[in-house]
Amino acid sequence: MNIDSLIPENIKHLKPYVAGKTIAEVMEAYKPIRISKLASNENRMGFSPAAADAIAEASKYIQDYPDPVSQKLRKKLAELHAVSDREVMITAGSESMISVICRTFFKTNEYAVTADATFVGFYVQAGVRGVEVKRVPITQGYKFDVDGIIDATKQGAKLVYIANPNNPTGTYIPKADYAKLIDGIPEDVLIIADEAYYEYAGEIEDYPKAMDYRRDNVIILRTFSKAYGLAGLRVGYGIAHPDLITQMAKTRLTFEPTTLAQAVAFAALDDSEFIKKSVERVAEGREQLYRFFNEHGVKYVKSISNSVLMICDDEESAIRFTQNMLEQGVILRRTQAFGLPNCIRITIGKEEDMQHFEQSFLNIAEEIYS
Ligand SMILES: *Cc1c(COP(=O)(O)O)cnc(C)c1O
């Protein structure tokens, strides 16, 4: 049998997700004194202690299918955002929501627009759907080119994907530009406003909350995977016009997220203290990392999310630095899949993680600059 002939071209061209090494694998291979996993923008502070009780209670019901519309969680989120529950949809992580959007709205030969260095998950889900993605280059300062993105929609785009703050750059579109962007995109073009890092950015004066810029064509995405520390459970949600939600509800998987995931997300929403502490820790950690990089002449991009992008001279040194750090137990993410081959994304961890980062950096510094 010719398996190759079974595979559509758009799937053939996708690259498989290359998982980072697990903690156990790194331990086994290099036996470092400590492991600091700073590769996936997870919350290194963990998650709310309220999760334990919620799991214990929900685990009594795992023989039953989950609530297919996550009604309890949905109502709570609707109240939180002062919208009706018909405007909220919950999925197994916001990446699932991106997949649902791509499945639901694209017709043959319609194209999407986004930036050249943004969330890989969008490139992948659009690619799975066979959608062409126009990638507008970012600016010299690693920011979105708002005018370029607006222009790129003018040849009949179907959808624009905007992560604000962006991943992997950690940069954001300030208020005035955001208003210009949302107003400049034709009304019949859908806009995904991905706010995966909202909790880190929400208090920043010039950060535009997508909820303040809602139009009928805007779909706002949030997740429990980042500041809430629940990446392993897979819960995210979208807020959109009820007629969009109605259509998306037809294409989503019936029983996501799981019973445990729904219950823990519900409980986690009450623990604002945990979010506050996590956000403060990340802000401190970012400042400390900037100071360290300044001292050592390392180039980086200023961030308002929970990661900082380090800029290396070229791809070769990015590869070498990441590997050398890995051997010391510091797991980092290279960003070639995001379109930035010479950069490395560093998730801000606990104080011990960042000390480990600095110490490991110093240990290998000679090698970098030789
Ligand atoms: C991490 C991330 C997501 C995906 O999160 P889920 O775990 O699928 O909820 C979505 N968008 C951006 C920009 C991210 O960085």
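What counts, and at which threshold
- Residues numbered from 1 in each chain as written.
- Predicted model: local features only at pLDDT ≥ 70, side-chain atom pairs only at ≥ 80, totals over all residues.
- Heavy atoms only, no water.
- Helix = DSSP H or I, 4+ residues; strand = E, 2+ residues; numbered from the N terminus.
- Contact = heavy atoms within 4.5 Å.
- Near = heavy atom within 4 Å.
- Polar contact = N/O pair within 3.5 Å; in protein donor to acceptor, adjacent residues only side chain to side chain.
- Areas by Shrake-Rupley, 256 points an atom, 1.4 Å probe, with all protein chains shown as cover.
- Nonpolar A, V, L, I, M, F, W, Y, C, P; charged D, E, K, R; others polar.
- Axes fitted to C-alpha atoms, helices over the stretch in contact; angles between N-to-C directions.
- Left-handed = near helix turned anticlockwise from the far one by under 90°.
- Domains from an automatic or database assignment.
- Buried area = accessible area lost by both parts, 1.4 Å probe.
- Buried < 20%, exposed > 50% of the residue type's maximum accessible area, 1.4 Å probe, protein only.
- Pairing = 2+ DSSP bridges.

Student: Even after reading the chapter, I still don't get the environment of Val133, so can you show me in this structure?
Tutor: For Val133, the location among the structural elements is in strand E4 (residues 132–136). Sequence spacing of Val133 and Ile23 is 110 residues, and the spatial spacing of their C-alpha atoms is 34 Å. Not counting residues within four places of it along the chain, the set of residues in contact with Val133 comprises Ala112, Thr114, Phe122, Tyr123 and Ala126.

Student: Please explain the site of the ligand as it appears in this structure.
Tutor: Surrounding the ligand, one finds 13 residues, the nearest of these being Asp194, Tyr197, Thr223, Ser225 and Lys226. Between the ligand and the protein, one listed contact pairs a nitrogen atom with a side-chain N or O atom of Asp194 at 2.6 Å. Within the side chain of Lys226, one N or O atom sits 3.0 Å away from an oxygen atom of the ligand. For the ligand, whose unbound accessible area comes to 390 Å², protein coverage reaches 93%. Residues belonging to the shell around the ligand are distributed by class as follows: four nonpolar, five polar and four charged.

Student: How should the packing of helix H5 (residues 94–105) against helix H6 (residues 120–128) be read in this particular structure?
Tutor: How two helices sit against one another is set out by the angle between their axes and by the gap between those axes. Contact pair H5 / H6: the axes reach a minimum separation of 9 Å and the direction vectors enclose 35 degrees. For the crossing formed where H5 meets H6, the hand is right-handed. When H5 is examined against H6, the residues Glu95, Ile98, Ser99 and Cys102 are found in contact with a partner set consisting of Gly121, Phe122, Gln125 and Ala126. Classifying every residue of the contact of H5 with H6 gives four nonpolar, three polar and one charged.

Student: Looking at this model, I keep getting lost on the domain arrangement of the protein chain. Mind explaining?
Tutor: Quite often, the size of an interface is put as the accessible area lost when its parts meet. In terms of domains, the protein chain is made up of domain 1 (3–46 + 272–369) and domain 2 (60–268). Of the residues lining the interface, 30 residues belong to domain 1; the matching set on domain 2 comes to 32 residues. In total, about 2,300 Å² of surface goes out of reach between domain 1 and domain 2, with carbon and sulfur atoms giving 67% of it. Its largest share of buried area at the contact with domain 2, domain 1 owes to Ile275, Ile304 and Phe338, together 30% of the area lost on that side. Taken together, domain 1 and domain 2 are joined by six residue pairs in polar contact (both at pLDDT 80 or more).

Student: Where do I start with the pairing of strand E8 (residues 236–239) in this structure?
Tutor: Regular strands show a simple pattern: their side chains alternate between the two faces of the sheet. Of the two faces of E8, both are covered, the one formed by Gly236 and Gly238 as well as the one formed by Tyr237 and Ile239. Pairing of strand E2 (residues 88–91) with E8, which is carried by four bridges, proceeds in the antiparallel orientation. Bridge pairing in E8 links Ile90 to Tyr237. Direction of pairing for strand E7 (residues 218–223) relative to E8: antiparallel, over a ladder of four bridges. Within E8, the position partnered with Thr223 by the bridge is Gly236.

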